[in-house]
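# Per-entry structural report
For reference, the chains in residue letters:
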Amino acid sequence: MSPIEIYTDGACKGNPGPGGWGALLMANGAEKELFGGELGTTNNRMEMMAVIEALSALKRPCKVTLHVDSQYVLKGMTEWLPGWKARGWRTASKEPVKNVELWQRLDELVNRSGHQIEWRWVRGHNGDPGNERADVLANRGVDRALGRR
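What you see is a predicted model, and the numbers here were worked out from it, not measured in a lab.

### Quick word on the packing of helix 2 (residues 71-86) against helix 3 (residues 100-112)
At their nearest, the axes of helix 2 and helix 3 sit 11 Å apart, and the two run at 90° to each other. In terms of orientation, helix 2 and helix 3 fall into the roughly perpendicular class. The residues of helix 3 that touch helix 2, namely those facing Tyr72, Val73, Gly76, Met77, Leu81, Trp84 and Lys85, are Trp103, Leu106, Asp107, Val110 and Asn111. Here the residues of the contact of helix 2 with helix 3 are counted per class, giving 8 nonpolar, 2 polar and 2 charged.

In structure tokens:
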């Protein structure tokens, strides 16, 4: 399996409001930048879209080190998901899981892709070069959604 480092980030101008997602993929000295956005969205949705789009861009199973600055995405994937699924996509307090269609897409991507994923949390806006670049890409996604680029 080819190793790949991925940094993802989401941005939102207002929550909800126009938002963007960005991903930086790095493997074997090569880099790929991805970004996009939506007009009426939330920061959490953009954080999730960054991971979905990054993993969707991989053409074959990889050994992925996935750096996220979103505790929502990290805990959702590493802690909360099994309980949500067992409860029919309901939270512990019996409420419907927010962003369920994105969680289901992400769950399917992770489980059917063949990737080995190591989830790593990185503190956002704290000088980590990969995270800072993903943040710039997410903001480019906001600009694109607003028709600026």
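### Let's talk about the packing of aromatic side chains
Enumeration according to the criterion identifies 4 aromatic pairs in this entry. Judged by centre distance (5.2 Å) and plane angle (65°), the ring pair of Tyr72 and Trp103 falls under edge-to-face. Of the two residues, Tyr72 is situated in helix 2 and Trp103 in helix 3; the sequence distance between them amounts to 31 residues. Residue Tyr72 shares its accessibility class with Trp103, and that shared class is buried. Ring centres of Trp84 and Trp103 lie 5.0 Å apart, and the angle between their planes is 65°; on these two criteria the pair is classed as edge-to-face. Within this pair, whereas Trp84 is found in helix 2, its partner Trp103 is found in helix 3, the two being separated by 19 residues in sequence. Every member of this aromatic cluster is reached through a ring pair, and the members are Tyr72, Trp80, Trp84 and Trp103.

What counts, and where the lines are drawn
Residues numbered from 1 in each chain as written. Predicted model: local features only at pLDDT ≥ 70, side-chain atom pairs only at ≥ 80, totals over all residues. Heavy atoms only, no water. Axes fitted to C-alpha atoms, helices over the stretch in contact; angles between N-to-C directions. Helix = DSSP H or I, 4+ residues; strand = E, 2+ residues; numbered from the N terminus. Parallel < 35°, antiparallel > 145°, perpendicular 65-115°, else oblique. Contact = heavy atoms within 4.5 Å. Nonpolar A, V, L, I, M, F, W, Y, C, P; charged D, E, K, R; others polar. Phe/Tyr/Trp six-rings, centres within 6.5 Å; stacked < 30°, edge-to-face > 60°. Buried < 20%, exposed > 50% of the residue type's maximum accessible area, 1.4 Å probe, protein only.

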